[in-house]
Amino acid sequence: MTIVVNGHEVACEDGVTLLVLLGRQGLDPRTVVVERNGTIVKAEAFGDMGLEQGDTLEILHFVGGG
Amino acid sequence: MTHDTRHDDTFVLGGQALESRLFIGTGKYGTDALIPAVADASGSQVITVALRRVDLGNPKGNVLAHIPAHMRLLPNTSGARTVDEAVRIARLARAAGCGDWIKIEIISDSRYLLPDGYATARATEILAAEGFTVLPYMNPDLYVARDLENAGAAAIMPLGAPIGTNRGLRTREMIGILIEEMSLPIVVDAGIGKPSEACDAMEMGAAACLVNTAIASAGDPVAMARAFGEAVRAGRRAFLARAGRVLDGRAEASSPLTGFLGGQA
């Protein structure tokens, strides 16, 4: 299946969880915040959240700013 | 934190007692590894951060790793051009576990980066109702300030000059009016370029100053952070000490006018 992550199409197998996807992207789940289809995903739900075809994810983190 | 940057009185904001009235930013440092030393030298207890998409090709650079654990995070909504975008960023920042303080920036003017007062007031109302401690970045306009107070802002953050310019307190007169007329704390944000300007704002009665570019763009950011900490402390102390009167049109001797050497008894 294909999902969209930060505007990029990413191919992955059916049923992959958000936690697994973050790991594959080299991301520490404790340092990011995620929106799935416009809804914030609580960090404690990352491991149980199975992704579905066509999902749109926004993965954000904190950067320097004033 | 070094003791010499603490102040004579405490600033309570959003239920937190702050000993330092200097807020600092984390933008524009050549390397984020400088941030711990800057934070320590400044004595600051409040530090701003921004929220951005992770770069999937280069998933590094989380700035939180460089921020001392005792500091209060103040995420901003930079990048927001509308009320909805600012509210979305604020909710994401809170979901990321960074507490409930939020600096609202809503800007659709890309040249001078001036804040949209109407949109900022609407976002403030929404987020204050959701329990955020809302610190809106604003133009120093009395009517906007009143709208922000009515909307539930915890403090207001008028600009001294456009963001990132180091041009100083160009809006000094208007900030003075806000200090005089508003009961909300005034945190001067943006444009302060030198410690003397931060000191001036504090002498006028500002509750605090937020300084990012002036520190980050200095030749020695750590030394400049210390200078700003000292300047803000000095300005606050001077405000509390209440400046003496100004005399125009003549001088007034500071030394006695009698008992001169060789004079009459």
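Residues numbered from 1 in each chain as written. Chains lettered and ligands numbered in written order. Predicted model: local features only at pLDDT ≥ 70, side-chain atom pairs only at ≥ 80, totals over all residues.

- An unreviewed UniProt entry annotates chain B as Thiazole synthase originating from Nitratidesulfovibrio vulgaris.
- Looking at the Function (unreviewed entry) heading of the UniProt record, one finds this comment for chain B: "Catalyzes the rearrangement of 1-deoxy-D-xylulose 5-phosphate (DXP) to produce the thiazole phosphate moiety of thiamine. Sulfur is provided by the thiocarboxylate moiety of the carrier protein ThiS. In vitro, sulfur can be provided by H(2)S."
- The Subunit (unreviewed entry) comment attached to chain B in UniProt states, word for word, "Homotetramer. Forms heterodimers with either ThiH or ThiS." (UniProt positions renumbered as here; feature names shortened; annotations may be inferred.)

### Structural notes on the pairing of strand β1 (residues 2-5) of chain A
Residues and elements named next belong to chain A.
Thought 1: Alignment of β1 against strand β2 (residues 8-11), held across four bridges, turns out to be antiparallel. Within β2, the position partnered with Ile-3 by the bridge is Val-10.
Thought 2: Joining the antiparallel neighbours β1 and β2 is a turn of two residues, in which Asn-6 adopts a positive phi near 50 degrees.
Thought 3: Sheet topology note: the β1/strand β5 (residues 56-64) ladder contains two bridges and is parallel. Opposite Val-4, over in β5, you have Thr-56 as the bridge partner. (Pairing = 2+ DSSP bridges. Helix = DSSP H or I, 4+ residues; strand = E, 2+ residues; numbered from the N terminus.)

### So, the pairing of β5 of chain A
Thought 1: Burial analysis of β5 of chain A places eight of its nine residues in the buried class, which makes it a mostly covered element.
Thought 2: Sheet topology note: the strand β3 (residues 33-36) of chain A/β5 of chain A ladder contains four bridges and is antiparallel. By the bridge assignment, Glu-35 of chain A is partnered in β5 of chain A with Glu-58 of chain A.
Thought 3: Judged from the five bridges that link them, β5 of chain A and strand β4 (residues 46-53) of chain B form a sheet pairing that is antiparallel. Counterpart to Leu-60 of chain A in the pairing with β4 of chain B is Arg-53 of chain B. (Buried ≥ 20, exposed ≤ 12 C-beta atoms within 10 Å, placed from the backbone.)

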